[in-house]
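# Notes for the structure review
Each chain, written out:
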Amino acid sequence: MPAQIVRVAKYRPLPGAMDDLRAALHALASGMQGMSGLHFAQVCKVDEHPEWLALVSRWEDERSMQGTGAPGIEALVDHVASVAEEQRIEHFFTE
């Protein structure tokens, strides 16, 4: 099934925590690999706002995307949140 949802989760690190945030996002992206319905997850720099990083993922459907609440993934998400000062999430749905 083709991807129907693109999720862009942008994070601004706590002061001095850019390297920690980058490492936490890469760990999360790696941990997500192999999840049912996930086409890809990758960490990106935000060109227009270099103090931000983004985790971009493509999903088959909303049900698959909700799998990020699984215990092992949830711990990785919590770690990302612990080194981020601000978070913004956007979802894009194919038509």
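Here the structure is shown first, and the text comes after it.
What this report covers is the structure whose coordinates are included nearby.

On to the environment of L21, then. When you line up the elements, L21 lands in helix α1 (residues 18–32). As for L21 and H79, which are separated by 58 residues in sequence, their C-alpha atoms are 8.7 Å apart. With near-sequence residues (within four places) excluded, L21 lies in contact with Y11, R12, P13, L53, V80, V83 and A84.

What follows concerns the environment of V56. In this fold, V56 is placed in strand β3 (residues 53–59). Owing to a relative accessible area of 15%, V56 belongs among the buried residues under this scheme. Residues V56 and H91, spaced 35 residues apart in sequence, show a C-alpha to C-alpha distance of 9.9 Å. When residues no more than four places from it in sequence are discounted, the contact partners of V56 are V6, R7, V8, F40, A41, Q42 and C44.

Right, let's get into the nonpolar core. Counting 22 residues, the largest nonpolar core has Y11, L21, L25, M32, L55, W59 and V80 as its most contacted members. Element by element, the count of residues in this core is highest for α1, at 6 residues. V6, V8, A54 and V56 belong to the second largest nonpolar core, which has 6 residues in total.

Spatial ordering of the open sheet is given by β2-β3-β1-β4, a layout of 4 strands whose pairing is antiparallel. The two strands at the open ends of the sheet, each matched to only one other strand, are β2 (38–45) and β4 (84–93). Neighbour to neighbour, the strand axes of the sheet diverge by 15 degrees on average, direction disregarded. Pairing of strand β1 (residues 5–13) with β3, which is carried by 7 bridges, proceeds in the antiparallel orientation. Bridging across to β3, V8 finds its partner in V56. Across the face of the sheet, α1 comes into contact with β1, β2, β3 and β4 while running at roughly 10 degrees to β3.

Positionally, D61 belongs in the loop between β3 and α2 (62–65). For the buried residue D61, which engages in no salt bridge, the nearest side chain bearing the opposite charge is R63, 4.2 Å off. Looking at D61, its side chain comes within polar contact range of the main-chain nitrogen of R63, at 3.3 Å.

Reading the values: rules and limits
Residues numbered from 1 in each chain as written. Predicted model: local features only at pLDDT ≥ 70, side-chain atom pairs only at ≥ 80, totals over all residues. Heavy atoms only, no water. Helix = DSSP H or I, 4+ residues; strand = E, 2+ residues; numbered from the N terminus. Contact = heavy atoms within 4.5 Å. Buried < 20%, exposed > 50% of the residue type's maximum accessible area, 1.4 Å probe, protein only. Core = buried A, V, L, I, M, F, W, Y, C linked by side-chain atoms within 4.5 Å. Pairing = 2+ DSSP bridges. Axes fitted to C-alpha atoms, helices over the stretch in contact; angles between N-to-C directions. Lys, Arg positive; Asp, Glu negative; His and termini not counted. Salt bridge = Lys/Arg side-chain N within 4 Å of Asp/Glu carboxyl O. Polar contact = N/O pair within 3.5 Å; in protein donor to acceptor, adjacent residues only side chain to side chain.

By themselves these figures say nothing about function.
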